[in-house]
Amino acid sequence: MTENKQNNNDRTDRRPDCVTEIRMGNTVLIVSGYFKKDTTATAADKMMKVLEAETAAAPRPPYTA
């Protein structure tokens, strides 16, 4: 089995901020995530943006009262 690793010499190596393992049958997918270093938004801020966008895009039921 061949392991592919991309090396980027202009960036310093650092540990991922989050790692998730997903098992699909006999395959294990390992996903590493990196967050922007100089950000000011928290995870809660980002989730709030997602929820607001989903709420705005959701169809509204007809008013029956």
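Residues numbered from 1 in each chain as written. Predicted model: local features only at pLDDT ≥ 70, side-chain atom pairs only at ≥ 80, totals over all residues. Heavy atoms only, no water.

(A) Expanded view of the overall build of the protein chain. Counting its secondary structure elements, the protein chain contains one helix and two strands. Secondary structure elements of the protein chain occur, N-terminal to C-terminal, as β-β-α. When the accessible surface of the protein chain is summed, it comes to about 7,100 Å², and 52% of that surface belongs to carbon and sulfur atoms. (Helix = DSSP H or I, 4+ residues; strand = E, 2+ residues; numbered from the N terminus. Areas by Shrake-Rupley, 256 points an atom, 1.4 Å probe, with all protein chains shown as cover.)

(B) Structural detail: the pattern of salt bridges. Across all of its chains, the model carries one salt bridge by this definition. A salt bridge links arginine 14 to aspartate 17, with the nearest nitrogen and oxygen atoms 3.7 Å apart. With relative accessibility at 33%, the residue arginine 14 sits in the partly exposed group. (Salt bridge = Lys/Arg side-chain N within 4 Å of Asp/Glu carboxyl O. Buried < 20%, exposed > 50% of the residue type's maximum accessible area, 1.4 Å probe, protein only.)

(C) Geometry of the environment of glycine 33. Within the secondary structure layout, glycine 33 lies in strand β2 (residues 27–33). Owing to a relative accessible area of 16%, glycine 33 belongs among the buried residues under this scheme. Residues glycine 33 and proline 16, spaced 17 residues apart in sequence, show a C-alpha to C-alpha distance of 5.6 Å. Apart from residues lying up to four places away in sequence, glycine 33 is in contact with Pro16, Asp17 and Cys18. (Contact = heavy atoms within 4.5 Å.)

(D) Layout of the pairing of strand β1 (residues 18–24). Among the seven residues of β1, zero are classified as buried, and the element is accordingly described as predominantly exposed. Relative to β2, β1 is paired through seven bridges, and the arrangement is antiparallel. Its bridge partner being in β2, methionine 24 is matched across the sheet by threonine 27. Here β1 folds back onto β2 in antiparallel fashion, the turn holding two residues, of which glycine 25 has a positive phi close to 65°. (Pairing = 2+ DSSP bridges.)

(E) Up close: a nonpolar patch on the surface. A cluster of nonpolar side chains, contributed by Ile22, Met24, Leu29 and Val31, occupies part of the molecular surface with about 340 Å² of accessible area. Secondary structure elements with two or more residues in the nonpolar patch: β1 and β2. Residue position: leucine 29 is located in strand β2. (Patch = residues over 30% accessible without salt bridge, like charges linked within 9 Å, V, L, I, M, F, W, Y side chains within 5 Å.)

(F) Representation of the environment of threonine 55 within the structure. Relative to the helices and strands, threonine 55 resides in helix α1 (residues 43–57). Within the local environment of threonine 55, its side chain forms a polar contact with the backbone oxygen of leucine 51, the two atoms lying 2.8 Å apart. (Polar contact = N/O pair within 3.5 Å; in protein donor to acceptor, adjacent residues only side chain to side chain.)

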